[in-house]
Amino acid sequence: MPMLTHYSDTPPTREEVDALKGAVLLEFGTNWCGHCQAAQPYLAEAFDEHPGLHHIKVEDGPGRKLGRSFRVKLWPTLIFLRDGQEVERLVRPTDTESIRRAMLGLYS
């Protein structure tokens, strides 16, 4: 599954996320967020090395239950999951290497 380019306003439920198998990157943000836009080139570079990583982009905001259940406060927030469990979290990443390291951590 390739890197997604737009945030979905129809996210999975928390129960669906918790039931996911394998490695998943759950990305919270919005399409209009400057910090989210700035992080996209770093994500794209990291995904070049992990093209099979399941990527879910979730549009976040007030009243959005999934983001609140993960205590998301700033965008973008990247939550790295293995079998539905949080392994690592990056908030407003500003480089490719931190994202790559977190992706590698999903497989160790």
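Residues numbered from 1 in each chain as written. Predicted model: local features only at pLDDT ≥ 70, side-chain atom pairs only at ≥ 80, totals over all residues. Heavy atoms only, no water.

Identification of the protein as Thioredoxin 1 from Halopseudomonas formosensis is taken from an unreviewed UniProt entry.

Caption draft 1: Quick look at the pattern of salt bridges. In this structure the tally under the stated criterion is eight salt bridges. Glutamate 49 is the salt-bridge partner of arginine 100, the closest N and O atoms lying 2.8 Å from each other. Linking arginine 100 in helix 4 (residues 96-105) with glutamate 49 in helix 2 (residues 34-49), this pair joins segments that are 51 residues apart in sequence. Assessed through its relative accessible area of 21%, arginine 100 is described here as partly exposed. (Salt bridge = Lys/Arg side-chain N within 4 Å of Asp/Glu carboxyl O. Helix = DSSP H or I, 4+ residues; strand = E, 2+ residues; numbered from the N terminus. Buried < 20%, exposed > 50% of the residue type's maximum accessible area, 1.4 Å probe, protein only.)

Caption draft 2: Summary view of the packing of helix 2 against helix 4. Where helix 2 meets helix 4, the closest approach of the two axes is 8 Å, and the angle between their N-to-C directions is 40°. In this view, helix 2 runs oblique relative to helix 4, as classed from their interaxial angle. For the element pair helix 2 and helix 4, the recorded crossing hand is right-handed. Between helix 2, through Tyr42, Leu43, Glu45, Ala46, Phe47 and Glu49, and helix 4, the contact on the second element is made entirely by Thr96, Ile99, Arg100 and Met103. Considered class by class, the residues forming the contact of helix 2 with helix 4 number six nonpolar, one polar and three charged. (Axes fitted to C-alpha atoms, helices over the stretch in contact; angles between N-to-C directions. Parallel < 35°, antiparallel > 145°, perpendicular 65-115°, else oblique. Left-handed = near helix turned anticlockwise from the far one by under 90°. Contact = heavy atoms within 4.5 Å. Nonpolar A, V, L, I, M, F, W, Y, C, P; charged D, E, K, R; others polar.)

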